[in-house]
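Coordinate analysis (summary)
As a plain string of letters, each chain reads:
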Amino acid sequence: MTQKVKLKNLLSEMTLEEKIGQMTQVDFSVIAAPEQLHTDNPIDQARLENAVLTHHVGSILNLPYNKAQSIDTWRKMTQTVQTVAAKSRLKIPVIYGLMQFMVLITRKRQFCFLKPLTWRLLLTPNELQGRRNYCERNSRFRVAMEFSPVMDIGRQPLWPRLWETYGEDVHLASVLGTSFIKVIKAMIFSAPNKAPTCLKHYVGYSFPINGKDRTPAWIGEKNAARIFFAYV
């Protein structure tokens, strides 16, 4: 049976509530045990089961928890989530995502990663090894999804999230963003350490009128086509 047929059969079995749940992403606070956030077991089992088994939540994003942890803790957290997902009627795994544009340092300092790619990484023989290292790191953390790259164009200096972007140049953002996606998806389609990516944000999100985050953008048609839609 092909994957396409399996997917079609699975969708035919799902209730409306299950379909809505699978399209829902919540942040870590929904399943967190507040009093245990600084331990190696920060998940509230009852809240996790309520989210996954009762409300059929299909994706969990590691914010605002996004704290440095050891590899063992990351594995324990993701395994806890998937163990509960395996108890669901259709046993659909939960997509657990990390915000990878930020600095990520494990508690025991096994790894330290800053902005995912630089021009140097793209233009030297280290590129392939860098890709292998990044994907291998994902594999060890049991990461299911990269909630990145940020493809916003940095043209509003007042915007507090400007540092998350690849800068103001459309070509630069296009090249680095494309390369980052290739890193995460790995060079071999069947590689076990590849992961889905999620480009962000909405087009024009990085150009708010007043410079404040999550506020309206006012972009003329010419600049929208020339800058913000140029790499789409």
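Here we summarise the structure given alongside this text.

Rules behind the numbers
Residues numbered from 1 in each chain as written. Predicted model: local features only at pLDDT ≥ 70, side-chain atom pairs only at ≥ 80, totals over all residues. Heavy atoms only, no water. Helix = DSSP H or I, 4+ residues; strand = E, 2+ residues; numbered from the N terminus. Axes fitted to C-alpha atoms, helices over the stretch in contact; angles between N-to-C directions. Parallel < 35°, antiparallel > 145°, perpendicular 65-115°, else oblique. Left-handed = near helix turned anticlockwise from the far one by under 90°. Contact = heavy atoms within 4.5 Å. Nonpolar A, V, L, I, M, F, W, Y, C, P; charged D, E, K, R; others polar. Pairing = 2+ DSSP bridges.

1. Focus: unusual backbone geometry
With glycine set apart, most residues show a phi of negative sign, and most peptide bonds adopt trans. Here the residue pair K200 and H201 is connected by a cis peptide bond, since its omega of 5° sits within 30 degrees of zero. With respect to the helices and strands, the residue H201 is situated in the loop between α7 (170–185) and α8 (221–228). Residue H56 is not a glycine yet carries a positive backbone phi of 60°. Mapped onto the fold, H56 is located in the loop between α3 (45–54) and β2 (59–61). Residues other than glycine seldom take positive phi values, yet R214 does so here, at roughly 60°.

2. Brief notes about the packing of α3 against helix α4 (residues 71–85)
Between α3 and α4, the least distance of the axes is 9 Å, while the angle of their chain directions is 50°. When the axis of α3 is compared with that of α4, the two are oblique. Handedness of the α3/α4 crossing: right-handed. Together, Q45, L48, E49, V52 and L53 of α3 and T80, V81, V84 and A85 of α4 make up the contact between the two elements. The class makeup of the residues in the contact of α3 with α4 is 6 nonpolar, 2 polar and 1 charged.

3. Some points on the sheet that holds strand β6 (residues 145–146)
The sheet built from 4 strands is open, its strands ordered β1-β2-β3-β6 with parallel pairing. In the strand order of this sheet, the two ends are held by β1 (25–27) and β6, each with one partner. In the sheet, strand β3 (residues 95–98) pairs with β6 via 2 bridges, with the strands oriented parallel. Bridge pairing in β6 links G97 to M145.

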